[in-house]
Amino acid sequence: MTVMEKASHSRLCYCLLQYILIPWLQVCCCNRFFFFTQEELSPLKAIIDSRAKKHHINRCLLYPLSILHMVRAVYTRVCVDVTVFKPVCLQVLLCFSRDTAVLDHFKYNSATPPKSFIQGKGGDEECAVVYPPNGVIPFHGFSMYVAPLCFLYNEPSKLYSVFREMYVRYFFRLHSISSSPSGIVSLCLQFERLLQTYLPQLFYHLRQIGAQPLRIAFKWMVRAFSGYLSTDQLLLLWDRILGYDSLEVVAVLAAAVFAFRAENLMEVTSLASAEVCPSHIRLVYVCVFEISPCPPHTPGWP
């Protein structure tokens, strides 16, 4: 492994630790995650029961789960733009947490679903069960995978079907370690290679002031830019993900944002200012963002 590869690996580990592992541990270690009353669970269970029966959500487990508290506390933290859809997001994500059909994506995922044991049967492998039932541990910002779709569908059943398909085809790769070209590791590598190849002076300048470009862009890519782009531009980006059947456009757009802010970023002198400079990306228009098989004849950028 070369020095550059070791440095890139170190930056990736830092980003994964900061944005995925630590928030997940904070939720799992919270005392309220393990202890709550039946009265607190009953209204949420009623929502799941009625939604599952009304919209025919297959293989939806209908028994009380402590995961419901995680869903309410973590899943439904949405940005200001989609706050009005918070109740719908809660309904969809509660059903998602119990839908065992989601487990099918582990067949082509390097990760394995988390398991727990039936009470009083700890250590007995025959009593081990996948928990939560869908095998997906919620984390901060997870609701941003579903919130933008609320602008397209007013029926929860259709919204749920589209969200689940988007997740098992694409979004799960953004928080799973794998060698897939659309996995988060490959996207990080592609992002850094684009900057080093086409914006070497900017990349070197940011490294000199201690502002790792990947640290800034990682949160964009993990959420597929949800919550960062304006909603109409975000949906255009997701449309291109579907069109190209690949998440690689996310890494290309992240690099394009740095190119868009290159002049300003070359003037920053600290990590704090470097993080603020490209953070306001709502003016970025994805409608002019296209992937061409041949690089256009624009100096300094592919």
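Residues numbered from 1 in each chain as written. Predicted model: local features only at pLDDT ≥ 70, side-chain atom pairs only at ≥ 80, totals over all residues. Heavy atoms only, no water.

1. Concerning the confidence of the model for the chain
Our working definition: Each residue carries a pLDDT value, the predictor's own confidence for that position, ranging from 0 to 100. By definition, residues are in contact when any of their heavy atoms lie within 4.5 Å.
Averaged over all residues, the pLDDT of the chain is 75; the fraction at 70 or higher stands at 65%. Ignoring residues within four places in sequence, the model shows residues 21–41, a span with pLDDT below 50, making 27 contacts including any to other chains. Confidence over residues 51–64 falls short of pLDDT 50; this stretch has 36 contacts with residues more than four positions distant or in other chains.

2. Re helix 4 (residues 86–98)
Rules: Each helix corresponds to a stretch of at least 4 residues labelled H or I by DSSP, and each strand to a stretch of at least 2 residues labelled E; elements are numbered beginning at the N terminus. What a helix is expected to span follows from its residue count: subtract one and scale by 1.5 Å. Under the scheme applied here, a residue whose accessible area is under 20% of the maximum for its type counts as buried, over 50% as exposed, and between as partly exposed, the area being computed with a 1.4 Å probe on protein chains only.
Relative to the 18 Å expected for 13 residues at 1.5 Å per residue, helix 4 spans 19 Å between its end C-alpha atoms, a close match to the ideal helical length. Listed as buried for helix 4 are Cys 89, Leu 90, Val 92, Leu 93, Leu 94, Cys 95, Phe 96, Ser 97 and Arg 98.

3. Describing the side chain of Asn 109
Residue placement: Asn 109 occurs in the loop between helix 4 and strand 1 (115–117). The residues contacting Asn 109, other than those within four sequence positions of it, are Phe 172 and Ser 176.

4. Regarding the nonpolar core
As a rule of thumb, soluble globular proteins bury nonpolar side chains together. Rule in force here: Working definition of a nonpolar core: buried Ala, Val, Leu, Ile, Met, Phe, Trp, Tyr and Cys residues. They are joined through side-chain atoms within 4.5 Å.
Core analysis: the biggest nonpolar cluster contains 69 residues, and Phe 163, Tyr 167, Phe 191, Trp 220, Met 221, Phe 225 and Phe 258 have the highest contact counts within it. Those elements giving two or more residues to this core turn out to be helix 4, helix 5 (156–169), helix 6 (184–198), helix 7 (200–208), helix 8 (213–222), helix 9 (231–244), helix 10 (248–260) and helix 11 (262–265). If you tally residues by element for this core, the top one is helix 10, at nine residues. Not counting chain neighbours up to four residues away, the residues in contact with Phe 225 comprise Trp 220, Leu 234, Leu 237, Val 250, Leu 253, Ala 254, Val 257 and Ile 281.

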